[in-house]
There are 2 protein chains.
Amino acid sequence: MPVIDPWEFKEVKDYKELMEEFGIDDFSQYAKKLKGAPLEIKRKLVIGHKDFSKVYDCIGKKQEFAVLTGLMPSGVFHLGHMAVINQVIYYQKLGAKVYLLVADLEAQLTRGISQEEAKRIAIEEYLTNYIALGLKNKSLVFYFQTKGPKKVQEYMNLSKLASAKTTFNEVKTIYGEITPQKLISALTQTADILYPQLEGIKTTLTPVGFDQHPHASFTRDIAFRMGFSLPSFTFNKLLPGLQGINTKMSSSKPESYIALTDSEKTVSNKIKKYAFSGGKSTLEEHRKKGGNPDIDISYQYLKFFEEDDKKLEKIYNDYKSGKLLSGELKEIAIEKINKFLKEHQKKREKAKKLVSKFVLK
Amino acid sequence: MPVIDPWEFKEVKDYKELMEEFGIDDFSQYAKKLKGAPLEIKRKLVIGHKDFSKVYDCIGKKQEFAVLTGLMPSGVFHLGHMAVINQVIYYQKLGAKVYLLVADLEAQLTRGISQEEAKRIAIEEYLTNYIALGLKNKSLVFYFQTKGPKKVQEYMNLSKLASAKTTFNEVKTIYGEITPQKLISALTQTADILYPQLEGIKTTLTPVGFDQHPHASFTRDIAFRMGFSLPSFTFNKLLPGLQGINTKMSSSKPESYIALTDSEKTVSNKIKKYAFSGGKSTLEEHRKKGGNPDIDISYQYLKFFEEDDKKLEKIYNDYKSGKLLSGELKEIAIEKINKFLKEHQKKREKAKKLVSKFVLK
């Protein structure tokens, strides 16, 4: 079985293959059925799941369920971070109680970020963006790993008690090489994911990027052995970096990402200069043979900004036929992304005034 | 370097050799200088230390220091448990603030004892005996690992943050084979030992049995790397089990120990039937060649019940010369131990009424 390192994830070439090997189920049927879902679901960035049927039942029957997500307070908030939070916000609208935790312990353990700095980044950079994207303050539990949620002692003990339910052989099979702090980090994430059950909510969903599959797998094993309900997960492909379909948006490489705080000019420059193109090298060849939207980064981003299916399909076909040029496709993407960012940045200003209510409650 | 497994400790044949290999300093100079010390110190059950000079300075200068000890709530409280608590009580009299923690998390992790059961054993079996032995309620912090002391969040995070300061190679060198729960247990003990420093007390002493040396060594390494003061330790030899000088008093083997709740009759039976004798096999040979008090269990126990040095010396010499017979030595030990236990059991009844004050504050 292939091993994914959730702390140093690079790229996945074949998601379908990995899904089969990990026993992850296809999400397509739910993508079709979920009404009003964000583009990340509609356009199949979210491709896999474990036990989503439990969540889907709760939605249908209007029964209580929780959606939880952690934010790692490091670096800037970029387009790659939107898939998960857009799902969380969507499920919140559908009635989910949201558990939003700041992985400040993890940030300190694995990246040396102090608790104070983690708090500042979490609030100014992440939470403000989440609010601007639509996160509401109702049915929301917001906490820091180092402070814990309401049942703080049970929470703190949960990760320790989980340690009795695993072995180093298992940990190595799931995570590959591991250090003591990574083990603690994994056990802490397990506690984060199982915690809502301590508050009586049996059905929980954690939407994660594919790179977090090891945590999902580990947590489900531990949950079973500790007598918890098995938590559900959805898995999304990672939005690629500007350099190409198999590269990563990395907070440490500004040329790889578009941040939600980037200016119009920056977005335009980054896409023109860095966005990998699926077009041909000469105008003549492009007109004749057409471009490849499936590896074109501008097109790949556009999928999550162009709401209109028909417009998107036309762009796809025009590019493939050679009618639409690389530069033109880039201009469309730039315009769409900038339109979104302009709106978002206005909402962000409003969000700044609301943020204290989320933190202080 | 030899490896000691603190969870499955069997025996030590040569303490001096181990002390040299572990770089533990000889305690003799302090054993002489400490006035009014318990017999465990005077009679050199406590043989080694790390950085005791810091504690000794605090005693001399009447400066603040802490003594901390954990109790593992499993099984009965026997003579083997007295060495550590007698030291703790002694240092409390000398002005130490005492941190007494119930290792209920450790008991749950490594022995499957529930938190409720751990609480009951800790209070009824251990704390009641501690009070009867002289533990006072002033300058005492009593807490459970699963509940934490005052600064509960910092305490809980301390063990997690400590994980970033070690590697599996180091852990294996110190502890030998280890499991995830043993790693968590070791990190939790580290937090227990460093915790008083979070309350501002820089000099701390943890008196431990020799089998706990790995925790001492691990904690000092972590303390250094986290910028804490290096905690001090004393190390005592383990009181041997009834079966012989190189056996262990084990809570799971009643024939190996004398419990503080044993009746006079039981003590008498156990010593007569099980206590390994250093005497010769025939009366004639014993009178001629004499016995060996150094391997005689009755004599070894007597050292910690006969206050009078001269009486003890006479017993030693008489036994060695053959004047005192094995059976006679056993009778002396039985009488001394039973006298102590009779007094202790009276104090224990009184202690039962006080115990709630220790727990509820």
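Residues numbered from 1 in each chain as written. Chains lettered and ligands numbered in written order. Predicted model: local features only at pLDDT ≥ 70, side-chain atom pairs only at ≥ 80, totals over all residues. Heavy atoms only, no water.

**Side note on the interface of chain A and chain B**
Often, the extent of an interface is quoted as the loss of accessible area upon association of its parts.
Here's step 1: Across the boundary between the two partners, chain A contributes 28 residues, which contact 28 residues of chain B.
Here's step 2: Summed over both sides, the interface between chain A and chain B buries roughly 2,400 Å², with carbon and sulfur atoms accounting for 68% of that surface.
Here's step 3: Three residues, K160, F168 and P180 of chain A, lead the burial of chain A against chain B; their summed loss comes to 28% of the area buried on that side.
Here's step 4: Counting across the interface, chain A meets chain B through zero salt bridges.
Here's step 5: Seen at the junction of chain A and chain B, the total is 10 residue pairs in polar contact (both at pLDDT 80 or more).
Here's step 6: The leading source of residues in the side of chain A that touches chain B is helix α8 (residues 152-162) of chain A, at seven residues.
Here's step 7: Among the residues forming the side of chain A that touches chain B, the class breakdown is 12 nonpolar, 13 polar and three charged. (Contact = heavy atoms within 4.5 Å. Buried area = accessible area lost by both parts, 1.4 Å probe. Salt bridge = Lys/Arg side-chain N within 4 Å of Asp/Glu carboxyl O. Polar contact = N/O pair within 3.5 Å; in protein donor to acceptor, adjacent residues only side chain to side chain. Helix = DSSP H or I, 4+ residues; strand = E, 2+ residues; numbered from the N terminus. Nonpolar A, V, L, I, M, F, W, Y, C, P; charged D, E, K, R; others polar.)

**Points about the pattern of salt bridges**
Here's step 1: A full pass over the atoms with the stated rule returns 28 salt bridges over all chains.
Here's step 2: Put simply, E170 of chain A and R225 of chain A hold a salt bridge, and the shortest N to O gap is 2.7 Å. Pair noted here: E170 of chain A is in helix α9 (residues 168-175) and R225 of chain A is in helix α11 (residues 213-226), with a separation of 55 residues, a long-range link.
Here's step 3: Taking the relative accessible area as the measure of exposure, E170 of chain A reaches 14% and is therefore buried.
Here's step 4: Between E124 of chain B and R120 of chain B there is a salt bridge; the shortest N-O distance is 3.1 Å. Remark: R120 of chain B and E124 of chain B occur in helix α7 (residues 115-133); sequence separation between them is four residues, near one turn of the helix.
Here's step 5: With relative accessibility at 45%, the residue E124 of chain B sits in the partly exposed group.
Here's step 6: Exposure remark for R120 of chain B: the relative accessible area of 39% places this residue in the partly exposed category.
Here's step 7: One salt-bridge network, in which partners are shared between bridges, spans E117, R120 and E124 of chain A. (Buried < 20%, exposed > 50% of the residue type's maximum accessible area, 1.4 Å probe, protein only.)

**Notes on the relation of the copies chain A and chain B**
Here's step 1: With an RMSD of 0.0 Å, chain A superimposes on chain B once it is rotated by 180° and translated 0.0 Å along the axis. What we have between these two chains is a two-fold relation. Taking C-alpha positions as reference, the residue of chain A nearest the rotation axis is M156 of chain A, located at 3.3 Å.
Here's step 2: Mapped onto chain B, 100% of the interface residues of chain A again fall at the interface, so both copies present the same surface. (Least-squares fit on C-alpha atoms with pLDDT ≥ 70 in both.)

**Observations regarding a nonpolar patch on the surface**
Here's step 1: Where nonpolar side chains cluster on the molecular surface, the patch consists of I245, F276 and I295 of chain A and spans about 220 Å² of accessible area.
Here's step 2: The topology assignment puts F276 of chain A in the loop between α12 (264-274) and α13 (283-289). (Patch = residues over 30% accessible without salt bridge, like charges linked within 9 Å, V, L, I, M, F, W, Y side chains within 5 Å. Areas by Shrake-Rupley, 256 points an atom, 1.4 Å probe, with all protein chains shown as cover.)

**So, the sheet that holds strand β6 (residues 204-209) of chain B**
Residue and element names in this part refer to chain B.
Here's step 1: Spatially, seven strands are ordered β1-β2-β7-β6-β3-β4-β5 in an open sheet, and the strand pairing comes out mixed. In this open sheet, the two edge strands, each paired with only one partner strand, are β1 (25-26) and β5 (140-144).
Here's step 2: Pairing geometry for strand β2 (residues 46-50) and strand β7 (residues 232-236), over four bridges, is antiparallel. If you follow V46 over to β7, its bridge partner there is N236.
Here's step 3: The strands touched by helix α1 (residues 15-22) are β1 and β2; relative to β2, the strand with the most contacts, the crossing angle is about 0°. (Pairing = 2+ DSSP bridges. Axes fitted to C-alpha atoms, helices over the stretch in contact; angles between N-to-C directions.)

**Structural notes on the sheet that holds strand β4 (residues 97-102) of chain A**
All names here are of chain A.
Here's step 1: Read from one edge to the other, the open sheet built from seven strands follows the order β1-β2-β7-β6-β3-β4-β5, with strand pairing classed as mixed. The open sheet has two edge strands, β1 (25-26) and β5 (140-144), and neither has a second partner.
Here's step 2: The pairing of strand β3 (residues 66-71) with strand β6 (residues 204-209) spans two bridges and is parallel. Looking at the pairing, A66 lines up with T204 of β6.
Here's step 3: Sheet contacts for α11: β2 (46-50), β6 and β7 (232-236); angle to β7, the most-contacted strand, approximately 165°.

**What to know about helix α1 (residues 15-22) of chain A**
Residue and element names in this part refer to chain A.
Here's step 1: Listed in full, the buried residues belonging to α1 are Y15, L18, M19 and F22. Down the axis of α1, the sector holding all buried residues measures 105°, keeping them to one side. In α1, the exposed residues that point more than 90 degrees away from the buried face are K16 and E20.
Here's step 2: Where α1 begins, the capping side chain belongs to D14, and its oxygen is found 3.2 Å from the backbone nitrogen of K16.
Here's step 3: Positive phi shows up at G23, right after α1, with a value of about 70°. (Arc of directions from axis to C-beta.)

**Topic: the side chain of K330 of chain B**
All names here are of chain B.
Here's step 1: One can find K330 in helix α16 (residues 326-360).
Here's step 2: Despite its burial, K330 remains without a salt bridge, the nearest opposite charge being carried by D296 at 7.2 Å.
Here's step 3: Contacts of K330, omitting those with residues within four sequence positions, involve I271, K272, A275 and S298. (Lys, Arg positive; Asp, Glu negative; His and termini not counted.)

**Considerations on the side chain of R43 of chain A**
Residue and element names in this part refer to chain A.
Here's step 1: Structurally, R43 can be placed in the loop between α3 (39-42) and β2.
Here's step 2: Within the local environment of R43, its side chain forms a polar contact with the backbone oxygen of K303, the two atoms lying 2.6 Å apart.
Here's step 3: Non-local contacts of R43, meaning those with residues more than four positions away in its chain, are made with K303, F304, E306, E307, D308, D309 and L312.

**Brief notes about helix α6 (residues 104-111) of chain A**
Here's step 1: Among the residues of α6 of chain A, those classed as buried are D104, L105, E106, A107 and L109 of chain A.
Here's step 2: Those residues of α6 of chain A hidden inside the fold are in contact with β4, α7 (115-133), β5 and α10 (180-198) of chain A together with α8 (152-162) of chain B.
Here's step 3: Just beyond α6 of chain A, the residue with positive phi is G112 of chain A, at close to 65°.

**Some remarks on the domain arrangement of chain A**
All names here are of chain A.
Here's step 1: Here the domain parsing of chain A yields domain 1 (15-239) and domain 2 (254-348).
Here's step 2: Between domain 1 and domain 2, the C-alpha centre-to-centre distance is 30 Å.
Here's step 3: The interface is formed by 17 residues belonging to domain 1 together with 18 residues belonging to domain 2.
Here's step 4: Both sides together, the interface formed by domain 1 and domain 2 hides about 1,600 Å², and carbon and sulfur atoms give 67% of it.
Here's step 5: A per-residue breakdown of the area domain 1 buries against domain 2 is headed by L39, R43 and L79, which together make up 38% of the total.
Here's step 6: Between the two partners, domain 1 and domain 2, sit one salt bridge.
Here's step 7: D309 is paired through a salt bridge with R43; the nearest N and O atoms lie 2.6 Å apart.
Here's step 8: Inspection of the domain 1/domain 2 interface yields nine residue pairs in polar contact (both at pLDDT 80 or more). (Domains from an automatic or database assignment.)

**Quick notes on the packing of aromatic side chains**
Here's step 1: A complete count under the given rule lists 41 aromatic pairs over all chains for this structure.
Here's step 2: Aromatic pair F210 of chain A and F235 of chain A: ring centres 6.0 Å apart, planes at 50°, arrangement tilted. Separated by 25 residues along the polypeptide, F210 of chain A in the loop between β6 and α11 and F235 of chain A in strand β7 bring together distant segments of the chain. For the pair F210 of chain A and F235 of chain A, one class covers both residues: buried.
Here's step 3: Through pairs of rings, three or more aromatic residues link up here, namely F27, Y30, F52, Y56, Y90 and Y91 of chain A.
Here's step 4: Over the ring of Y155 of chain A we find K160 of chain B, and its NZ or CZ is 5.9 Å from the ring centre. (Phe/Tyr/Trp six-rings, centres within 6.5 Å; stacked < 30°, edge-to-face > 60°. Lys NZ or Arg CZ within 6 Å of the ring centre and 35° of its normal.)

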